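Here are the chains, one letter per residue:
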Amino acid sequence: MEALAAEKPILDVRSLNVVYGETPALKEINISFARNSLHSIIGPSGCGKSTFVRCFNRMHELQGEAKVTGQILLDGDDILTDDPFSVRLRIGMVFQRPNPFPSLSIADNVLSGFLINGIRPKKDEADAIVETALRKASLWDEVKDKLKKRSMFLSGGQQQRLCIARALAVEPEVLLLDEPTSALDPISTGSIEELMLELKKSVTIVLVTHNLSQAGRVSDYAAFFLLGELIEYGSGSTFFINPKDSRTDAYLAGRFG
Amino acid sequence: MANLSSKGAGAETLLASPGASAPGGLGKSARGFLARTAERGFRSSLIFSVVLVFAVIVAMMFSLTMFSLPAIQHTGWSIFTGTNWDPANDQFGALPFIVGTILTSVLALIISFPFSLSIALFLGEYQRSGWLASLLTTAIELLAGIPSIIYGAFGLFVMVPLMQQWELTMVSSGVIPLGVGILTASILLAIMIIPYSASLAREVIRLTPQDLKEAAYAMGGSRFAVIRFVTLPYSFSGIFAGQLLAFGRALGETMAVAMVIGNQNIMPEGLFSAGSTIATVIANEYPEASGVHIAALTEIGLILFLITIVFGFAGRIIINRMGMRGTA
Amino acid sequence: MTLRNRLKARLGFNRVVSSVFTGIVTFFSLLMVVPLVLILSFITIKGVTQLHWALFVSDERGGGILNAIVGSGEMVLIAVVLAVPVAVLTGVYLAEARNSKIAEVMRITVDVFQGIPSIVLGIIAYVWLVVPLRSFSGLSGAVALAIMMIPIIIKNTEESLILVPAQMKEAAYGLGAPFHKVILQIVLPAAMSGVLTGILLATARILGETAPLLFTSFGGPDLNYNLTRPMEALPPLIFKYAQSPRDDWVATAWASSFVLVVVVLFLNLLTKLVLRRWKH
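Cut-offs used in this document
Residues numbered from 1 in each chain as written. Chains lettered and ligands numbered in written order. Predicted model: local features only at pLDDT ≥ 70, side-chain atom pairs only at ≥ 80, totals over all residues. Heavy atoms only, no water. Helix = DSSP H or I, 4+ residues; strand = E, 2+ residues; numbered from the N terminus. Rg over C-alpha atoms; globule rule 2.2 N^0.38 Å. Buried < 20%, exposed > 50% of the residue type's maximum accessible area, 1.4 Å probe, protein only. Areas by Shrake-Rupley, 256 points an atom, 1.4 Å probe, with all protein chains shown as cover. Pairing = 2+ DSSP bridges. Contact = heavy atoms within 4.5 Å. Axes fitted to C-alpha atoms, helices over the stretch in contact; angles between N-to-C directions. Buried area = accessible area lost by both parts, 1.4 Å probe. Salt bridge = Lys/Arg side-chain N within 4 Å of Asp/Glu carboxyl O. Polar contact = N/O pair within 3.5 Å; in protein donor to acceptor, adjacent residues only side chain to side chain. Nonpolar A, V, L, I, M, F, W, Y, C, P; charged D, E, K, R; others polar. Patch = residues over 30% accessible without salt bridge, like charges linked within 9 Å, V, L, I, M, F, W, Y side chains within 5 Å. 1 Å grid on protein atoms, 1.4 Å probe; cavity = no way out; pocket = protein on both sides within 12 Å on 5 of 7 lines; lining within 4 Å. Points joined across faces, edges and corners; volume = space filled by probe spheres on them. pLDDT = per-residue confidence, 0-100. Phe/Tyr/Trp six-rings, centres within 6.5 Å; stacked < 30°, edge-to-face > 60°. Lys NZ or Arg CZ within 6 Å of the ring centre and 35° of its normal.

(A) Looking closely at the overall build of chain C. Summing up its helical and strand segments, chain C has 12 helices and zero strands in all. For chain C, the sequential pattern of α-helices and β-strands runs α-α-α-α-α-α-α-α-α-α-α-α. For chain C, whose C-alpha radius of gyration is 25 Å, the value lies well above the compact-globule estimate of 19 Å for 280 residues. In terms of overall dimensions, chain C has C-alpha extents of about 85 × 60 × 35 Å along its principal axes. The buried share among the 280 residues of chain C stands at 57%. Here chain C displays about 11700 Å² of accessible surface, and carbon together with sulfur accounts for 69% of that area.

Right under this line is the structure:
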């Protein structure tokens, strides 16, 4: 972790605690994320990894009574005290199951970040945004002829890339991917993984995943959570080959989880 | 009985011959005979009930039509277009009642809509649980349970004087301060149908997929934006179906309307005019009618029946298509 | 200004719009409690003050409402007796032969049935019973009410039967129980809360019904138990008295309204209790 502190991190989490009712979900998390790299969060179900990423865009507030203390600094601004709506523009999110808006066309799905908030871009602006975002999400070539069609006709993997394009359209600084391939077949998963490797050059990605080999393939850094605690965090190359903590070792070896 | 076998897991058990489902060597004994008889009796009574219910519906249509025949022959299509309803001279133009029925129901729907949609959003989106939600739910259930005659008494003794006072301030612009009339009836109807449309709309709003809402929130959407962008488009057809069903209910409502609409057999001239609906005319005239008059009243009853079937049917089809049968 | 900056600048406005909308929704929702409170309090205040013992022990000739109470009770009872067996059995059929063509047709029929205005059911009972018997009668009123109950009970029965776990039935069939025993001794008891709920709801509904009785049971001022003769009921009595010019009759209307509301809401409450009790 000391090695990481050298460059200025984009995200800096300081003694983050989350309590649901009486049960603590996250305990004293301290971690910082370097810019333009991919950080994967791994751990068994219920370890708090999903709660952890949901704090970054304040989605945890949607599900009632979570008590959160500590700080999450995004380029120095505390996310937890900021206005949640502007936080969500800076930190985009992609969910487990592809969830494009079924009643909208592909193009409008890409633009939905603007449309939802009452901004209707002019035709040329809109076209530019749609093309840029779809290109970034490696979907442009597949859908450029059917931008007016509804998104339901796309395959699962295409839908998930559409969701990524949708998130990228508002130019977030960080992209949260919450198990983005768990509902997809291996081929689609492969294409999403390639996409992640491409995207991390220009945006910081925080990836929650159950799939350890996926984490191994794409991560620059990896963090292991267990029972609401951050057990270990390190650069991908050492983390997966030579973990320091015996619990990480046991998890990676498939002895639990 | 043969039709039963054609489809479905349930049908199998219904059809399996009585003996087959009783295993073991009871077949020839007296107990076996009794068991088979009981089994056969039970199956027959099931089918008898179904046939009976179906026959009742068919017979209702048939009876209404037959009993209307003298009026249908006497008046023809002009029952829909005539504006003069004068039983003493065998004149049966029902247009004023048709207009009165549709006018009060449409107004009731318009008046009730902001309330029923708000309640549906409040209970389906904002406060799914908690004391405020249960207070409101209980209030809605109680409103739905109050008999229409009680609404009528409330309308007559409380709303009519209030409306009259309001109308008195408008006498200069030509309003006759009756208190009773189209608007009074519509407001009362609106209160009565809110529980129906609200509870159906609440159910469909609750069915809005959480992941779509989360997607919209994650794009920086405010709560209102999520409702406008995700919840309402998603639940639109269900809300619409609820409105259709509520409209059907308003069309057929009798007692409450009869007590506050003024019961004049005239074409309503405005919101403050007295009038009648099909249901109120039947309620007021049927007990003393005979001859062509009673046939004409039956005929407008048949018309009401058919209109409500159309709206009820349309609403049901939408609900069934949404796969949420049983919520209303 | 770039689009993204316009987007950022817009958020504050959106937040205000959202709060205003929340306020409007809350306001309109809670406003609905007002008519309820008004109705219940008016009926209670006006009704309770007019209650006196004589109401319940004498008929209309004696200034009471006993004949209407007896008539309501008798007609509702007959309606329940007529409707419940047919409706419950039909509900059983619809639940058991769920996917058959007949069940599909019947389901639509029942939905249509439920939407029929009650005044039309009055006409039906008039044509079926008043005309042939040449007299208004309690029986014709009871038949109109019974027809009204049927779809409500059918739907509740069907829906609660569908919820009975299939394993329960399979276990019983596996032990060799015949169909009627499985239904009568396993399925119906398991679904009892739903079936009872339907019956109670339907009873509460017809207890307050006026329209189908106006020209079937018609009414009469004397205490009468005979179903073949005209019979008074509480709701038509309220209708008649509420619109009368005599103050003592209006007072009786208030008192009767109070009695009716108490009984109907009590039945509704009972329904909720039944549902809650059996669920666990």
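(B) Layout of the sheet that holds strand S4 (residues 66-74) of chain A. Residues and elements named next belong to chain A. Overall, antiparallel pairing links the four strands, which are arranged S2-S1-S4-S5 in an open sheet. Every other strand in the sheet has two partners, leaving strand S2 (23-33) and strand S5 (77-78) as the edge strands with one partner each. Summarising the sheet, S4 and S5 pair through two bridges and their orientation is antiparallel. Bridging from a neighbouring strand, Leu 74 pairs with Asp 77 of S5. Lying over the sheet, helix H1 (residues 49-56) contacts strand S1 (11-20), S2 and S4, oriented at roughly 120° with respect to S1.

(C) Structural detail: the interface of chain C and chain A. Contact residues are listed per partner, giving nine residues for chain C and 17 residues for chain A. Looking at the side of chain C facing chain A, the largest losses of area belong to Leu 3, Arg 4 and Leu 7 of chain C, adding up to 51% of the total buried there. For the interface between chain C and chain A, the tally reads one salt bridge. Two residues, Asp 83 of chain A and Arg 15 of chain C, come together in a salt bridge whose shortest N-O distance is 2.8 Å. In this structure, the connection of chain C to chain A is made through six residue pairs in polar contact (both at pLDDT 80 or more). Across the side of chain C that touches chain A, the residue classes tally to three nonpolar, one polar and five charged.

(D) How the structure looks around a nonpolar patch on the surface. A cluster of nonpolar side chains, namely Phe 62, Met 66, Leu 69 and Ile 72 of chain B, defines an oily patch on the protein surface of about 350 Å² accessible area. On the secondary structure map, Leu 69 of chain B appears in helix H2 (residues 30-75).

(E) Here's a closer look at empty space enclosed by the protein. Residue and element names in this part refer to chain C. Taken as a whole and assessed by the stated rule, the structure comprises two cavities of 30 Å³ or more. Its volume calculated, the largest cavity comes out at about 40 Å³. Contributing to the lining of the largest cavity are Ser 72, Met 75, Val 76, Leu 145, Ile 206, Leu 207, Glu 209, Leu 213, Ala 233 and Pro 235. Residue contributions to the lining of the largest cavity peak at three residues, all from helix H4 (residues 66-96). As a volume, the second largest cavity reaches approximately 30 Å³. A breakdown of the residues in the lining of the second largest cavity according to their chemical character gives five nonpolar, one polar and one charged.

(F) Examining the interface of chain C and chain B more closely. Contact residues are listed per partner, giving 91 residues for chain C and 89 residues for chain B. The contact between chain C and chain B buries some 7700 Å² in all, and 79% of this surface belongs to carbon and sulfur atoms. Of all residues in chain C, Met 32, Ile 39 and Phe 179 of chain C give up the largest surface area on contact with chain B, accounting jointly for 9% of the area buried on that side. Viewed at the interface, chain B and chain C are joined by two salt bridges. Asp 111 of chain C is the partner of Arg 316 of chain B in a salt bridge, and the nearest nitrogen-oxygen pair spans 3.8 Å. The tally of links between chain C and chain B comes to 10 residue pairs in polar contact (both at pLDDT 80 or more). Along the lines of polarity and charge, the residues of the side of chain C that touches chain B split into 64 nonpolar, 18 polar and nine charged.

(G) Examining the pattern of salt bridges more closely. Under the criterion given, the structure shown has 28 salt bridges over all chains. The network of salt bridges with shared partners includes Asp 77, Arg 90 and Glu 173 of chain A.

(H) Molecular detail of the pairing of strand S3 (residues 38-42) of chain A. Residue and element names in this part refer to chain A. In terms of burial, S3 is a largely internal element, five of the five residues being buried. Of the two faces of S3, the one lined by Leu 38, Ser 40 and Ile 42 and the one lined by His 39 and Ile 41 are each fully buried. Pairing between S3 and strand S8 (residues 204-208): four bridges, direction parallel. Note on S8: the bridge partner recorded for Ile 41 is Val 208. Sheet analysis places S3 next to strand S9 (residues 221-226), joined by four bridges and oriented parallel. Pairing of His 39 across the sheet is with Tyr 221, part of S9.

(I) How the structure looks around the sheet that holds strand S6 (residues 91-94) of chain A. Residues and elements named next belong to chain A. In space, the six strands of this open sheet follow the order S6-S7-S8-S3-S9-S10, with mixed pairing throughout. Whereas interior strands pair on both sides, the edge strands pair on one side only; in this sheet they are S6 and strand S10 (229-235). Averaged over neighbouring strand pairs, the angle between their axes works out to 15° when direction is ignored. As paired elements, S6 and strand S7 (residues 174-178) share four bridges and run parallel to each other. Within the sheet, the bridge partner assigned to Ile 91 lies in S7 and is Val 174.

(J) Structural view of the confidence of the model for chain A. Residues at a pLDDT of 70 or more form 96% of chain A, whose mean pLDDT is 91. pLDDT under 50 marks residues 1-6 of chain A. Its contacts with residues more than four places away, or in other chains, come to five contacts.

(K) The arrangement of the packing of aromatic side chains in detail. Within this structure, the stated rule accounts for 28 aromatic pairs over all chains. Arranged with centres 4.9 Å apart and planes meeting at 25°, the rings of Phe 224 of chain A and Tyr 251 of chain A form a pair that is stacked. You can see Phe 224 of chain A sitting in strand S9 and its partner Tyr 251 of chain A sitting in helix H10 (residues 246-252), a full 27 residues away along the chain. With respect to class, Phe 224 of chain A is no different from Tyr 251 of chain A; both count as buried. Measuring from centroid to centroid gives 5.2 Å for Trp 85 of chain B and Phe 92 of chain B, while their planes differ by 70°, and the two rings are edge-to-face. We note that Trp 85 of chain B, like Phe 92 of chain B, is buried. Chaining the aromatic ring pairs together yields one cluster made of Phe 33, Phe 52, Phe 56, Tyr 221, Phe 225 and Tyr 233 of chain A. Lying over the aromatic face of Tyr 196 of chain B, Arg 249 of chain B brings its terminal NZ or CZ to 4.0 Å of the ring centre.

(L) Structural context of the pairing of S10 of chain A. All names here are of chain A. Of all seven residues making up S10, five are buried, and the element is well covered by its neighbours. Of the strand pairs in this sheet, S9 and S10 are connected by six bridges, and their pairing is antiparallel. Residue pairing across strands places Leu 226 opposite Glu 229, the latter belonging to S10.

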